[in-house]
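The chain contents come next:
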Amino acid sequence: MPKKGRVKKPDNLQVGYFGQTNIDQLNPKCTVEEEIGFANSELSVSEVKGIAGLMLFSGDDASKKIELLSGGEKSRVLLGKIIAKPCNLLLLDEPTHHLDIESIDALVGALENFLGTVIIVTHSEMILKRIAFDQLIVCEKDNQRVFLGGFDHFMEKVGWEEEKVTTEKRGGSASFQKRKEEKRQISNLEKKIEMLEEEQKERLRLIEGGVTEFEVMEKYGETEKEIERLYVDLNEYYS
């Protein structure tokens, strides 16, 4: 980190920031639309609904209370609040944390339509592959390298340091097999998370429809904890 110097910024700079823990700042008693609307009081009702729809909250989903949302859905609300604010620089710290595949699609779509500059900190190769970055700063083995171009170009021209070890070197084959096994585990975790989140959507529909059976409520809470645990396991592969 720099020890001295000055930071200069233009007068028209407007920054939007997404942090991993910022979902805790959402008001659990507010609806999705209310939270997005609070971010910018100048937005019309239709504009708020449009942003909610962009974040995959359409129809009755936009009227859900924050307290009923999953971790991934809360992250989408937070991203919606950021989009609702006028800004030309987005700072995103692990924005895919807790997001399911559907939510990541929504995030990528929003970023592709964003006209300003985006700076993302991420361990997710999924998001690196999906977005056309102009520049990468790769942190590996306590070193930082600047690469001009997107992720696919980086992998083609440079690649990860650990994967440069050929199978001819001692332990090379073992390293390759380990990496292959890790990719398999990542795929399994992502599929498991996607399946559980689909189950949660059905339980949430029951709860919102007035079902109050203890078994349904208990299963919803247990599954939510299981999803969070799986996300922790998944993030360990990217750390």
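Only a predicted model underlies this, so the values are computations on that prediction, with no experimental measurement involved. (Residues numbered from 1 in each chain as written. Predicted model: local features only at pLDDT ≥ 70, side-chain atom pairs only at ≥ 80, totals over all residues. Heavy atoms only, no water.)

K.L.:
For this particular structure, what's the right way to read the overall build of the chain?
P.N.:
A tally of helices and strands in the chain yields eight helices and five strands. Tracing the chain from N to C terminus, the helices and strands come up as β-α-α-α-β-α-β-α-β-β-α-α-α. For the chain, the proportion of its 239 residues judged to be buried stands at 38%. Put simply, 62% of the contacts in the chain that link residues at least 6 apart link residues at least 24 apart. Surface accessibility of the chain: about 15,200 Å² in total, with carbon and sulfur atoms responsible for 51%. (Helix = DSSP H or I, 4+ residues; strand = E, 2+ residues; numbered from the N terminus. Buried < 20%, exposed > 50% of the residue type's maximum accessible area, 1.4 Å probe, protein only. Contact = heavy atoms within 4.5 Å. Areas by Shrake-Rupley, 256 points an atom, 1.4 Å probe, with all protein chains shown as cover.)

K.L.:
Just checking my understanding: could you explain empty space enclosed by the protein for this structure?
P.N.:
If a probe the size of a water molecule is rolled over the atoms, the empty space left behind becomes visible. Throughout the structure, instances matching the rule amount to two cavities of 30 Å³ or more. Looking at the largest cavity, the residues that line it are K64, S70, G72, E73, R76, D100, S103, E197, Q200, K201, L204 and Y220. Elements with a contribution of two residues or more to the lining of the largest cavity: α3 (71-84) and α7 (172-208). Among the elements that take part in the lining of the largest cavity, α7 stands out by supplying four residues, more than any other. (1 Å grid on protein atoms, 1.4 Å probe; cavity = no way out; pocket = protein on both sides within 12 Å on 5 of 7 lines; lining within 4 Å. Points joined across faces, edges and corners; volume = space filled by probe spheres on them.)

K.L.:
Explain the sheet that holds strand β2 (residues 89-93) here, please?
P.N.:
Two strands in a sheet stick together by hydrogen bonds in their backbones, pointing the same way (parallel) or opposite ways (antiparallel). Pairing in this open sheet of three strands is parallel, and the strands run β1-β2-β3 from one edge to the other. This sheet does not close on itself; its edge strands, each paired only once, are β1 (15-18) and β3 (117-121). Going across the sheet, the axis of each strand differs from the next one's by a mean of 10 degrees, ignoring polarity. Looking at chain direction, β2 and β3 are connected through five bridges and run parallel. Of the residues in β3, the one forming a bridge with L90 is V118. Across the sheet, α3 is in contact with β1 and β2; its angle to β1 comes to roughly 175 degrees. (Pairing = 2+ DSSP bridges. Axes fitted to C-alpha atoms, helices over the stretch in contact; angles between N-to-C directions.)

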